[in-house]
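So the chains spell out like this:
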Amino acid sequence: MNLLATETRMTKPADRTVNSTRMRMPGKIPSKCFMFVVACALLPAGRHLALAQAATAKQPATKTAAAAPAKTPPQAQPWKKIPIPPLHAFKPVQPRRIELSNGLVIFLQEDHELPFIDGTILIRGGNREAPAAKVGLVTMYGEAWRTSGSTTKTGDALDTELAEKAASIETGGDGASTSLSWGSFKQDFDSVFGEAVDLLLHPAFKADKLQLAQRGMATSISRRNDNAEGIAGRESTMLVYGKNSPYARETEYATIGAVTLDDLKAWHNRTVVPNGIIVSVEGDFDSSAMEAKLRKVFEPLSRGTVIESPKVDFPGPKPGVYFADKEDVNQSTVEIVGLGTLRSNPDYYALSVMNEIFSGGFGSRVFQYVRTKLGLAYAVGGAYGTTYDHPGVFRSSAGTKSVSTVAATQAVLEEIGRLKTKPPTPDEMRKAKDQVMNSFIFNYDTPEKILNEQVLLAFYGYPPDFLERYKDGIEKVTAADVTRVANKYIDVSKLAILVVGNKSEIKPPLSTLGKVTDLDITIPPPPGAPKK
C-alpha cells in the first residue's frame, strides 16, 4: 500500500470556495524520531543549528554530480479495467390511465410497499391565466382555499381532524395549474378522500383567510430585494420574456390588494370543470376498487369550458448590458440570458448533451475554465433551458468578486462561444451521455415519480412514451449533433447580460462590456401609502 495518501477536500467560506490538499501519514511516528523532534523544539534556536550541523556531518559523502532521477512508473489504474455493462432497456411500470365520459382523466399507480395512499387533483389554469391587474390571485386562491375549509368544516377543524390521523390535505397554485392533494394511511383513505372532495366541490372562501394570504404576500414583496440571486433571477427572466409577460410579471402591493373574495370564488367556478382535471392516485390499493370509487365521485360532474392558455409572443431579450445596483454586497451575480426552446423540439436530446458538456458539474467546460483555471467565480453554470409548452430560458450564471465582474463575464461568454467552434471530444461525449442517462434514470426510479411525470406529460399533451424515447434519443446523439445544435441555437450577439452588484466596487466598470442600462428595482409602495 502507499505510504502517503492524498485527499482533496472542498472548503467553502462565506464568499468563496477553495481547493486544499492535505497529506495523511498512516501508522505511528517512530519513538526515536518523536523524541528527537520534541528535543529540538525545546532547545534554543542556536542549538537547533548545531544539532542540524552535527546530523549532517554524520551523513555519508555524496558524489558531486547528482545522478539523473529515475523515472516514476505510471500509477496503475485498475478501475479503468472494470467492465461497465450497457444500461438495460428503460421500461418503467406505467400507471393505468382512465378517461371518463365527461373528459376527466384518472391515473392509478399501485405501490404495495407501504400502507399509504396519496392523491392529487390537478386543475388547468394558473398564474399565467390570471388578469394582469390581479397578479398573485392564484397564489392567494391556493392558500385561502385550504385555510378557509369547506361549507361543512372550517379549515381549523379540518387541521385537527387530519392531525389525529397523521393525514394531510393541501391546496396550491402555480404558473399553469392549481391543485388539491391528500395523503393518509390506507385505512383512512375513505374519510380523508371524502374531506378532499368536499373541499373541491363545496369550498367556503373566507375574508379573514384572504387577508391572511395578502399579508403573507405583502411580506414577500417587501423582502424581494434582500437577496442578490433572487433579484438576478427575477430581472433576467423579465429581460427574456418581457416585463409584462404572464411568464415573468411580478406581484405588487397594488395587484394583491385588488383581489377580492368574489375573485377567488369566480376563479374556482371558472376552472373546476371535469374536462380540465387530472386525478392521480398512488399507493396500496386495488385499481379496480379505486376506479369504482373515483367514478362514483367524478363521473356525475358536467363538462364545462376549459380555461385557455394565453397567446404570447417570445421575441427574446434585447441584447445589451443591464445593471441592478445593490450597495450592501461585495460581490456580483452575473446572468447571461437568451431564449430557450421546448421539450418537444426534435433537438431536445442533442441540447441535453450539449448542456452537460457545457456545465454538467465540476468537470464541465465552463466550470473548468472559469472557476478552476482562471479562478474567477465561486459558482458558475448554465443550461439551454426547455419547458413543456413555451420556450425556456438559455441561462448562464456566475458569482464572482466585484473586482472580477468584467473578467468573469467575458470568460463565460468565451466558453459559450467555444460551444460553436470546439467540437466535443470522444471523452466529453462519453461522460456527458453517461451523466445524462444516470441522472435521468434516478429521476424516475419510484412508482410515484413515474406517475407524476405521466401526469405532466398528459397535462401538456406529450405522448405517454416520451420517457422511453429519451434514452434512445440520448444514445443516438453524436459529436456532430452537438456542434450542429450549438451553431443553430446559440448566438452570443443575441444574449443579454445582467449584473447585480455594488457599482462602486466593480472595476473595471461594466461599460467595458458595452453600453449599460440601469434597472430600477425599487418596490412600488402600496396604494395610498405616503411617498418617501
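Owing to the predicted nature of the structure, the values given are computational and were not obtained by experimental measurement. (Residues numbered from 1 in each chain as written. Predicted model: local features only at pLDDT ≥ 70, side-chain atom pairs only at ≥ 80, totals over all residues. Heavy atoms only, no water.)

Participant: Help me out: how do you make sense of the overall build of the protein chain in this one?
Facilitator: What the protein chain contains, in helices and strands, is 17 helices and 16 strands. Scored against the burial criterion, the 532 residues of the protein chain give a buried share of 44%. Restricting to contacts in the protein chain with at least 6 residues of sequence separation, those with at least 24 account for 79%. Surface accessibility of the protein chain: about 28,900 Å² in total, with carbon and sulfur atoms responsible for 57%. (Helix = DSSP H or I, 4+ residues; strand = E, 2+ residues; numbered from the N terminus. Buried < 20%, exposed > 50% of the residue type's maximum accessible area, 1.4 Å probe, protein only. Contact = heavy atoms within 4.5 Å. Areas by Shrake-Rupley, 256 points an atom, 1.4 Å probe, with all protein chains shown as cover.)

Participant: Just to check I follow, could you spell out the environment of threonine 237 for this structure?
Facilitator: Along the polypeptide, threonine 237 turns up in helix 7 (residues 228-241). Sequence separation of threonine 237 and valine 337 is 100 residues, and the distance between their C-alpha atoms is 8.2 Å. Setting aside chain neighbours within four positions, we find threonine 237 in contact with Gly242, Tyr247, Ala248 and Arg395. A polar atom in the side chain of threonine 237 sits 2.7 Å from the backbone oxygen of glycine 233. (Polar contact = N/O pair within 3.5 Å; in protein donor to acceptor, adjacent residues only side chain to side chain.)

Participant: So what exactly am I meant to see when it comes to helix 13 (residues 405-421) here?
Facilitator: The periodicity of an α-helix, 3.6 residues per turn, causes residues three or four positions apart to be oriented the same way. In a regular helix each residue adds 1.5 Å, so 17 residues correspond to 24 Å; helix 13 covers 25 Å between its end C-alpha atoms and thus fits that length. Within the span of helix 13, buried status applies to Thr405, Val406, Ala408, Thr409, Ala411, Val412, Leu413, Glu415, Ile416 and Leu419. (Expected span 1.5 Å × (residues − 1).)

Participant: What exactly am I supposed to notice about the sheet that holds strand 14 (residues 393-401) here?
Facilitator: Whether parallel or antiparallel, the strands of a sheet pair through hydrogen bonds between backbone atoms. If you trace the 6 strands from one edge of the open sheet to the other, you get 12-14-10-15-9-16, paired in mixed fashion. The open sheet has two free edges, formed respectively by strand 12 (379-384) and strand 16 (516-518), since each of these has just one partner strand. Sheet twist, expressed as the mean angle between neighbouring strand axes with direction ignored, is 20 degrees. Relative to strand 14, strand 12 is paired through 6 bridges, and the arrangement is antiparallel. Bridged to tyrosine 384 within strand 14 is phenylalanine 394. (Pairing = 2+ DSSP bridges. Axes fitted to C-alpha atoms, helices over the stretch in contact; angles between N-to-C directions.)

Participant: When you look at the packing of aromatic side chains in this model, what are you seeing that I'm missing?
Facilitator: Any pair of aromatic rings gets described here by the distance separating the centres and the angle formed by the planes. As enumerated under the stated definition, the model contains 22 aromatic pairs in all. Note on phenylalanine 459 and tyrosine 460: the rings are 4.9 Å apart at their centroids and 80 degrees apart in plane angle, and the pair reads as edge-to-face. A relative accessible area of 6% means that phenylalanine 459 is categorised as buried. Looking at tyrosine 460, the relative accessible area reads 25%, which means it is partly exposed. Ring pairs connect the aromatic residues Tyr348, Tyr349, Tyr388, Phe440, Tyr444, Phe459, Tyr460, Tyr462, Phe466 and Tyr470, which therefore count as one cluster. If you follow arginine 124 out to its NZ or CZ, it ends over the ring of phenylalanine 459, 4.3 Å from the centre. Cation over ring: arginine 343 sits above tyrosine 388, and NZ or CZ is 4.5 Å from the ring centre. (Phe/Tyr/Trp six-rings, centres within 6.5 Å; stacked < 30°, edge-to-face > 60°. Lys NZ or Arg CZ within 6 Å of the ring centre and 35° of its normal.)

Participant: Got a minute to help me understand the pattern of salt bridges in this structure?
Facilitator: Applying the stated criterion to the full structure yields 29 salt bridges. Beyond isolated ion pairs, a larger network of salt bridges with shared partners links Arg96, Glu291, Arg295 and Glu299. (Salt bridge = Lys/Arg side-chain N within 4 Å of Asp/Glu carboxyl O.)

Participant: I'm lost on the sheet that holds strand 3 (residues 96-99) in this one. Help?
Facilitator: What the 6 strands build is an open sheet, ordered 3-4-8-5-7-6; its pairing is mixed. Single-partner strands in this sheet number two, and they are strand 3 and strand 6 (168-173). Across this sheet, the average inter-strand angle for adjacent strands is 15 degrees, counted without regard to direction. With 9 bridges connecting them, strand 5 (residues 116-124) and strand 7 (residues 177-185) associate as antiparallel partners. From the neighbouring strand, aspartate 118 faces strand 7, where its bridge partner is glycine 183.

Participant: Explain the side chain of arginine 249 here, please?
Facilitator: Turning to its location among the elements, arginine 249 is positioned in the loop between helix 7 and helix 8 (253-257). At 3.0 Å, the side chain of arginine 249 forms a polar contact with the backbone oxygen of asparagine 127. Discounting residues that sit within four places of it in the chain, arginine 249 has contacts with Asn127, Arg128, Ala130, Pro131, Ala132, Val135, Lys243 and Asn244.

Participant: I tried to follow the pairing of strand 9 (residues 320-325) on my own but got confused; where do I start?
Facilitator: Each regular strand carries side chains that alternate between the two faces of the sheet. The pairing of strand 9 with strand 15 (residues 496-501) spans 6 bridges and is parallel. Residue glycine 320 lies in a different strand from strand 15, and its bridge partner there is alanine 496. Pairing geometry for strand 9 and strand 16, over 3 bridges, is parallel. Looking at the pairing, tyrosine 322 lines up with threonine 517 of strand 16.

Participant: Whenever I open this one, the nonpolar core confuses me. Can you help?
Facilitator: Counting residues in each nonpolar core, the largest one holds 54 residues, and the members touching the most others are Ile336, Val353, Met354, Val370, Val380 and Ile416. Among all residues touching valine 353, those that are not within four sequence positions of it are Met429, Ala432, Lys433, Ile474, Val477 and Val482. Membership of the second largest hydrophobic core comes to 47 residues, among which are Leu137, Ile277, Phe285 and Phe298. (Core = buried A, V, L, I, M, F, W, Y, C linked by side-chain atoms within 4.5 Å.)

Remember, this is a structural readout, not a statement about activity or role.
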